[in-house]
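Structure assessment
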Amino acid sequence: VQLQASGGGLVQAGGSLRLSCVVSGNIFSNYHMGWYRQAPGKQRELVAGIFRSGSDKYADSVKGRFTITRDNAKSTVYLEMNSLKPEDTAVYYCKASQYDLLPYSYGYWGQGTQVTVSS
């Protein structure tokens, strides 16, 4: 299973970005999908996840600002990020797992994409 993440970049506070993650090598609909981030000196954390069923969950810090969606026909998961804040600055990773959305459970990871929010 291979994951290819894209869409990061530099944006001013209050701006928006859309991350995409394309999954290949297996049946996309079998996987729970998550977006995670890791800032320097911090642990990797779940930002948003979407289960096989389509239900989703968000970190409290991004609720109301970020939206995760999946397109099973395109084997792609998206993260729409609005009202970005400097504290959202991190490397963002996508992950596919057949088990859960926990950051350190077994799964497949994308390569990470940098999101930098300037104040």
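The structure reproduced in this document is the subject of the present report. (Residues numbered from 1 in each chain as written. Predicted model: local features only at pLDDT ≥ 70, side-chain atom pairs only at ≥ 80, totals over all residues. Heavy atoms only, no water.)

Let's shift gears to the overall build of the protein chain. A tally of helices and strands in the protein chain yields zero helices and eleven strands. Tracing the protein chain from N to C terminus, the helices and strands come up as β-β-β-β-β-β-β-β-β-β-β. The C-alpha atoms of the protein chain give a radius of gyration of 13 Å, which matches the 14 Å a tight globule of 119 residues would have. Reported as C-alpha extents along the three principal axes, the dimensions of the protein chain are approximately 40 × 30 × 25 Å. The proportion of buried residues among the 119 residues of the protein chain is 46%. Partitioning the contacts of the protein chain with sequence separation of at least 6, the portion at a separation of at least 24 is 55%. As displayed, the protein chain has an accessible area near 6000 Å², and 48% of this comes from carbon and sulfur atoms. (Helix = DSSP H or I, 4+ residues; strand = E, 2+ residues; numbered from the N terminus. Rg over C-alpha atoms; globule rule 2.2 N^0.38 Å. Buried < 20%, exposed > 50% of the residue type's maximum accessible area, 1.4 Å probe, protein only. Contact = heavy atoms within 4.5 Å. Areas by Shrake-Rupley, 256 points an atom, 1.4 Å probe, with all protein chains shown as cover.)

This brings us to the side chain of Arg70. Examined against the element boundaries, Arg70 turns out to sit in strand E7 (residues 66-71). Summary of buried charges: Arg70 has no salt-bridge partner, and the nearest side chain of opposite charge, Asp71, is 8.5 Å away. Reaching out from Arg70, the side chain makes a polar contact with the backbone oxygen of Ile50 at a distance of 3.5 Å. Here the side chain of Arg70 touches Phe51 through a polar contact of 3.2 Å, landing on its backbone oxygen. With near-sequence residues (within four places) excluded, Arg70 lies in contact with Phe28, Ser29, Tyr31, His32, Met33, Ile50, Phe51, Arg52, Thr76 and Val77. (Lys, Arg positive; Asp, Glu negative; His and termini not counted. Salt bridge = Lys/Arg side-chain N within 4 Å of Asp/Glu carboxyl O. Polar contact = N/O pair within 3.5 Å; in protein donor to acceptor, adjacent residues only side chain to side chain.)

Further remarks concern the side chain of Ser97. Take Ser97: it is sitting in strand E9 (residues 90-97). Take Ser97: its relative accessible area is 2%, and that puts it in the buried class. One polar contact links the side chain of Ser97 to the main-chain amide nitrogen of Tyr99, over a distance of 3.0 Å. One polar contact links the side chain of Ser97 to the main-chain carbonyl oxygen of Tyr106, over a distance of 2.9 Å. Filtering out sequence-adjacent residues up to four positions away, Ser97 remains in contact with Tyr31, His32, Ser105, Tyr106 and Gly107.

If you trace the four strands from one edge of the open sheet to the other, you get E1-E3-E8-E7, paired in antiparallel fashion. Each having just a single partner strand, strand E1 (2-6) and E7 make up the two edges of the open sheet. Ignoring which end each strand starts from, the neighbouring axes of this sheet average 15° apart. Alignment of strand E3 (residues 17-24) against strand E8 (residues 76-81), held across six bridges, turns out to be antiparallel. The residue bridging Arg18 from the neighbouring strand is Glu80, located in E8. (Pairing = 2+ DSSP bridges. Axes fitted to C-alpha atoms, helices over the stretch in contact; angles between N-to-C directions.)

Just geometry here; none of it tells us what the structure is for.
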